[in-house]
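# Examination of the molecular architecture
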Amino acid sequence: MHIFDILGLAWRNLREAKLRAALTTIGVVVGVAVIVIMMSFGLGLERNTIARFRELDLFNEITVYGRTLSSIVSSQLNQPLGGEGANQPTDTPRQAARRPGAERSSARTLDQSAIQEISKIPGVAYAEPNVSFTAYVRANGRVVRQTVGGALVPNQATRFRGFAAGRMISAPETNEAVVDQQFVSELGYDKATDAVGQTVELLAPPKREEAGRATGAAGRDQDALSQQGSAASREAEEKDEPLSFFGLPLEAETSDEADAERLVAASFRIVGVLQNEVGNGSGGNSGGRRFRGLMPAAGLYVPLAAAQSWTETHRDAMNEVALQLARLSGAIQSNETAGYPSAVVRVTDPGVLLEVKNRLAELGFNSFSIVDQLDEIQKVFLVANSAFALLGGISLLVASFGIANTMIMSIYERTREIGIMKAIGAEDREIKLIFFFEATLIGLVGGVIGVLAAGGIENVANRLAYEFILRPRDASFIDFFALPPWLWIGAILFAMLIAILAALYPAARAARIDPVKALRHD
């Protein structure tokens, strides 16, 4: 028998038992649809996660860590100050790794010379130090606690490309600032354009020396005025006039205004309001700040030099003690700065990111990039997709029992026909092929319809999710499923394979039928 004769015979047999073949095919359709839907959902999650990382510009940046004051002090805790005690026992590598800050701190100081050295690495577009602090800021008659960041000027970061109003800081030494839209709403401005041109003040207590001198001078002046003004006060009381000294009023002006002015440590003029960068699915009412890149988000950005000067001038007590201890131990010289805690390095192409990371390690800097976690993320999705495929495979396994049952029932119905075929010369191989072709046709038709059904269900699910979940939150449309060609082709081939495996026993049983007994079968 020719192959087409066998194929035609198999198709004729399925048409003669239409209802049974249709019910068997429906089982395959359900199994294939479940596999495709579950795996495409897992692949969609992975695709959307990677796309989100790419949208946030995380594949082009590396965070580089410098030597921190905490790591310097921790390494010197068990050593006498001044460099003595060389015979003291040193920490083992395991103990050193357990010290606070040892995970991210580097062996080198990340100062300006190191930043310039990193910028010269092939494949590096720029390196921007990370200088940020928290301070009370005042604008529009309101005072709020705000995160302030230092911005390199000019700045190539993607977060400074979109402005709701105004522009970027013009020069590194100007007293200009850029804010985000959340800052604008917190300070009570109606719209972004209202904030442009306004003054924002950074508040800090006056230095202790200045406060002491002011208090002492005020005390001495008060003693002198108390003696000289006693007579004038009595005379003024008789005349019911305000107290004065040689025509100058002795009553002090409102101290609240003077105290408020002494709290102003720096003033900046707002020149731009950044455009909100809210990602898909976040909704327009999201309260958190979300910007592209690895640089920590801030509500107020000032020139980098101004931010660095602030952190050095208004260093808190703990950091000041750590700096003095580091200098006493000789780890930091008196004319040496503590350096930046970290910096963001942007590469020209994601393909050179690993090379730049290796080069940073050779220079003695620890670094982090999203690529470090990408392998772990992909492993998690691999496990999830495997679980989805296993759950879907169970339904297709159930369908395979239906295929086997259909084939066995076909043997009982066509026993006499099989006997006649073998009597006129049909080989066992040809008998098996007839059953294999029938099973393959069931798997093929069920697989194709199952893939089409899965695609339709996914479209409906995406539309319902958008209408009832995303759209009420002002979020854009998201395709939660990914159906690559290899998935639907593989699903069809897998359905055909399962069908063939299910037909192994029925085909072997049909080939073993004795033609003499088969001809006697009624």
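Described below are features of the structure shown in this document. Starting from 1, residues in each chain are numbered consecutively following that chain's sequence as written. Confidence filtering applies because this is a predicted model: local features only for residues at pLDDT of at least 70, side-chain atom pairs given and counted only at 80 or more, and all residues used for totals across whole chains, interfaces and linings. Hydrogens and water are ignored here; the side-chain numbers use all heavy atoms of the structure.

### Focus on the nonpolar core
We call a set of buried residues a nonpolar core when its members are Ala, Val, Leu, Ile, Met, Phe, Trp, Tyr or Cys and they connect through side-chain atoms within 4.5 Å of each other. Note on classification: 1.4 Å probe, protein chains only; a residue is buried when its accessible area is under 20% of the maximum for its type, exposed when over 50%, partly exposed between these limits. In terms of nonpolar packing, the biggest core is built from 46 residues, with I62, L110, I118, V137, V200, L202 and L300 touching the most fellow members. The contact definition used throughout considers only heavy atoms, calling two residues in contact when any of these lie within 4.5 Å. When residues no more than four places from it in sequence are discounted, the contact partners of L202 are F133, Y136, V137, L263, V264, A265, A266, F268, L300 and W310. Counting 44 residues, the second largest nonpolar core, distinct from the first, contains L43, V451, A454 and A510.

### Considerations on the pattern of salt bridges
Within this document, salt bridges are pairs made up of a side-chain nitrogen of Lys or Arg and a carboxyl oxygen of Asp or Glu, the two lying within 4 Å of each other. Tallying each qualifying case throughout the model produces 13 salt bridges. A salt bridge links E376 to K379, with the nearest nitrogen and oxygen atoms 3.9 Å apart. Of this pair, E376 and K379 both sit in helix α13 (residues 370-413), three residues apart, roughly one helical turn. On the basis of relative accessibility, which here comes to 44%, the residue E376 falls in the partly exposed class. Three or more residues are tied together by salt bridges with common partners; here these are R12, E16 and E417. By the criteria applied, helices consist of DSSP H or I runs no shorter than four residues and strands consist of E runs no shorter than two, each listed in order from the N terminus.

### What about the pairing of strand β2 (residues 124-130)?
The buried fraction of β2 amounts to six of the seven residues, a majority that puts the element mostly inside the structure. When β2 meets strand β12 (residues 342-347), the two strands line up antiparallel, connected through six bridges. Looking at β12, one finds that V124 is bridged to V347. The pairing criterion for strands is at least two bridges between them, as found by DSSP.

### A look at helix α12 (residues 353-362)
Listed as buried for α12 are L353, V356, K357 and L360. One face of α12 carries all of its buried residues, which in axial projection span an arc of 100°. When the buried face of α12 is taken as reference, the exposed residues oriented beyond 90 degrees from it are E355, A361 and E362. Against the buried residues of α12 lie β1 (61-65), α5 (112-119), β2, β12, β13 (366-368) and α13. One or two residues past the end of α12 sits G364, with phi positive at roughly 95°. Summarising the geometry, the arc corresponds to the directions from the helix axis toward the C-beta atoms.

### Focus on the pairing of strand β11 (residues 300-303)
Where strand β4 (residues 142-151) lies against β11, four bridges are found, and the strand directions are parallel. Looking at the pairing, V148 lines up with L300 of β11. Two strands pair when backbone bridges link them, and strand β6 (residues 176-180) and β11 are joined in this way by two bridges, in the antiparallel orientation. Across the sheet, V178 pairs through a bridge with Y301, a residue of β11.

### Regarding the sheet that holds β1
Pairing is antiparallel across the open sheet formed by four strands, whose spatial order is β2-β12-β1-β13. Edge strands, defined here as strands with exactly one partner in the open sheet, are β2 and β13. Pairwise comparison of adjacent strand axes, ignoring direction, gives a mean angle of 25° for this sheet. Here β1 pairs with β12 via five bridges, running antiparallel. By the bridge assignment for β12, V64 is matched with A343. Here an axis means a line fitted to C-alpha atoms, over the contact stretch when the element is a helix, while the angle between two N-to-C directions is reported on a 0 to 180 degree scale.

### Overview of a nonpolar patch on the surface
Taken together, the side chains of L391, I394, L397, V398 and F401 make up a nonpolar region of the molecular surface, amounting to roughly 510 Å² of accessible area. With respect to the secondary-structure elements, I394 resides in helix α13. I394 gets classed as partly exposed once you look at its relative accessible area, which sits at 46%. Patch building starts from residues that exceed 30% relative accessible area and form no salt bridge, then joins like charges within 9 Å and nonpolar side chains (Val, Leu, Ile, Met, Phe, Trp, Tyr) within 5 Å. All accessible-area figures derive from a Shrake-Rupley calculation using a 1.4 Å probe, and residue coverage is judged against the displayed protein chains alone.

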